Amino acid sequence: RLRDTPEDICFEATANAIALHPARPLLAAGDVDGDVYLYSYSCTEGQNRQLWSSGHHLKSCRDVAFSQDGQKLFTVSKDKSIHLLTVEQGRLETRFPKAHGSALNCVLPIDAHVFATGDDNGALKVWDLRKGDSILEAQQQEEYISAMAVDGNGKILLTASGDGTLGVFNVKRRRFELLSEPQNGDLTSVVLLKRGRKVACGSSEGTIYLFNWDGFGAASDRFALRAESVDCMVPVTDSIVCVGSLDGVIRAVNILPNRVLGCVGQHLGEPIEQLAVAPGGQLLASCAHDQKVKFWDISALGEMVVDDYRKKKKKGVPLRALSGKAVGSGEDFFADLRDEAQPEAAEGSDSDDSD
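Being a predicted model, the structure only gives us computed values, none of them experimental.

Participant: Give me the lowdown on the packing of aromatic side chains, citing residues and values where you can.
Facilitator: On inspection of all chains with the given rule, the structure shows 10 aromatic pairs. With a centroid separation of 6.5 Å and 40° between ring planes, the pair formed by Tyr37 and Tyr39 is classed as tilted. In this structure Tyr39 comes out as buried when scored by relative accessible area, which is 10%. A centroid spacing of 6.3 Å and a plane angle of 50° characterise the contact between Phe96 and Phe115, whose relative ring orientation is tilted. Of this pair, Phe96 sits in strand β9 (residues 92–96) while Phe115 is found in strand β11 (residues 114–119), placing the two residues 19 residues apart along the sequence.

Written out as structure tokens, the structure is:
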């Protein structure tokens, strides 16, 4: 039987981190016990399959990422190590045992040979696999590095930190460029939007901060969601991001004009750890404290256009359901999720192109 989305994948421990393969229907996940799994997923019922698991990490696996060619899997752990596994067999190919002085928190492949890691103490390292060592080390931020993003040229690396700052590093010149002024709350996520002209950062206070590409010193705009927090964020189109929060709700948010479009899905009452978008932008995967990875149909988001014109907010309207599995009836859990920003959506065009 064919479904709109793959079935949930259940784990024995909480999955902290997930990544979707750049070309194939494969999902990698890392859990709090340090185990790493690779699954193939399918919309055909009963066809999700565990392909392999790896227990090489001694402590919690904090982040996983596929290499750009999809042949390797990077994993980082609280045990301070970086592992590179082959995607086909899950074989441990390269290991940096004491890669950082503190527990590692995130990893980002930059090109075929270069990748970056950030730790709990605010330290960033950029590594070159050809040299087998780091080529840039910096500690400009005072708290954990929560997320990283890089421009299309692999030149400018951005780091979001628990100290509320956005860090800017030049990978090509191997140097630190600048720190933004601190925002309220921890910065938890960073994504590029508007063809790389805008950068959006989520915060633990439930606000999305926007920066112009050439103006990282200060935020150019901010958008407060009626959510407890923005814990993770992924771009779906050039203007729309999906945001995961402590309340377990995954919201679709349009950036410039700033609107909450509705609810894509939810892990009822369970904080969302990470989100990942499948190639083609039709599926979103999410992991949360309920020990499940869930899949959501986000194909409708690609056709949404958001008008600059804004209707007066209506009181007492529940968050609009944007997928078949999103709870949008206004019953039970969503009864108290009132209208966050009433969207005006029209069909039939790509993304809004306001700057």
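The discussion continues.
Participant: A description of the pattern of salt bridges should follow, citing residues and the corresponding values.
Facilitator: Applying the stated rule across the entire model yields 10 salt bridges. One salt bridge connects Arg1 with Glu45, and the closest N-O pair in it is separated by 3.0 Å. Linking Arg1 in the segment before β1 (9–10) with Glu45 in the loop between β4 (36–40) and β5 (49–54), this pair joins segments that are 44 residues apart in sequence. Among the salt bridges present, the one from Arg62 reaches Asp120, with a minimum N-O distance of 3.1 Å. Pair noted here: Arg62 is in strand β6 (residues 61–66) and Asp120 is in the loop between β11 and β12 (124–128), with a separation of 58 residues, a long-range link. One continuous salt-bridge network, built from bridges that share partners, spans Lys72, Arg91 and Glu93.

Participant: Pulling in residues and values, what's your account of the UniProt feature "repeat: WD" (unreviewed entry) in the protein chain?
Facilitator: Under the local residue numbering, the UniProt record ascribes the feature "repeat: WD" (unreviewed entry) to residues 111–137 and 272–299. Helix makes up 0% of residues 111–137 and strand 59%, whereas the separation of the span's terminal C-alpha atoms amounts to 18 Å. Structurally, residues 272–299 is divided into 0% helix and 64% strand, and its ends, taken at the C-alpha atoms, are 21 Å apart.

Participant: Let's hear about the pairing of strand β17 (residues 175–179): which residues, and what values?
Facilitator: One ladder, built from 4 bridges, connects strand β16 (residues 166–170) with β17; its direction is antiparallel. By the bridge assignment, Asn170 is partnered in β17 with Arg175. Between β16 and β17, which pair antiparallel in sequence order, lie 4 residues; one of them, Arg174, sits at a positive phi of approximately 55°.

Participant: Quick one: what's the story with the pairing of strand β8 (residues 82–86), residue by residue and with numbers?
Facilitator: For β8, the buried fraction is high: 5 of the 5 residues fall into the buried class. In β8, alternate side chains face the same way, and those of Ile82, Leu84 and Thr86 on one face and His83 and Leu85 on the other are all buried. When strand β7 (residues 72–77) meets β8, the two strands line up antiparallel, connected through 5 bridges. Within β8, the position partnered with Lys72 by the bridge is Thr86. Both β8 and β9 contribute to a ladder of 4 bridges, which runs antiparallel. Bridge pairing in β9 places Leu84 opposite Thr94. Hairpin geometry of β8 and β9 is characterised by an intervening segment of 5 residues between the two adjacent antiparallel strands and by a positive phi of about 75° at Gly90.

Participant: So, the environment of Lys155: which residues are in play, and what are the values?
Facilitator: Along the chain, Lys155 falls in the loop between β14 (145–150) and β15 (156–161). Taking C-alpha positions, Lys155 is 8.7 Å from Ile110, a pair spaced 45 residues apart along the chain. Leaving out residues up to four positions away in the same chain, Lys155 has contacts with Val150, Phe169, Asn170, Val171 and Lys172.

Participant: Residue-level account of the sheet that holds β17, with values.
Facilitator: Two modes of strand pairing occur in sheets, parallel and antiparallel, and in both the strands are linked by backbone hydrogen bonds. On the basis of which strands lie adjacent, the open sheet formed by 4 strands has the order β14-β15-β16-β17 and antiparallel pairing. Two strands bound the open sheet, and with one partner strand each, they are β14 and β17. Strand-to-strand twist of the sheet, defined as the mean angle between neighbouring strand axes without regard to direction, takes the value 25°. Taken together, the 5 bridges between β14 and β15 define a ladder with antiparallel strand orientation. Directly across from Ala147, in β15, lies its bridge partner Ala160.

What counts and how
- Residues take numbers from 1 onward in each chain, read along the sequence in its written order.
- Residue-level local features of this predicted model are given only where pLDDT is at least 70; pairs of side-chain atoms are given and counted only at 80 or more, and the full residue set underlies all totals for whole chains, interfaces and linings.
- Excluded from the side-chain calculations are hydrogens and water; all other atoms, namely the structure's heavy atoms, are used.
- Centres within 6.5 Å make a pair out of two Phe, Tyr or Trp rings, where for Trp the six-membered ring is used; the pair is then stacked when the planes are under 30 degrees apart, edge-to-face when over 60, and tilted otherwise.
- The buried label applies to any residue whose accessible area, calculated with a 1.4 Å probe on protein chains only, is under 20% of its type's maximum; exposed applies above 50%, and partly exposed to all values in between.
- Each helix corresponds to a stretch of at least 4 residues labelled H or I by DSSP, and each strand to a stretch of at least 2 residues labelled E; elements are numbered beginning at the N terminus.
- Salt bridges, as used here, are contacts in which a Lys or Arg side-chain nitrogen is within 4 Å of a carboxyl oxygen on Asp or Glu.
- UniProt positions are given in the numbering used here, feature names are shortened, and annotations may be inferred rather than shown by experiment.
- Note on pairing: two strands pair once DSSP finds at least 2 bridges between them.
- Pairs of residues are marked as contacts when any of their non-hydrogen atoms sit within 4.5 Å.
- For helices, the fitted axis covers only the stretch in contact; all axes are lines through C-alpha atoms, and the angles between them, taken along N-to-C directions, range from 0 to 180 degrees.

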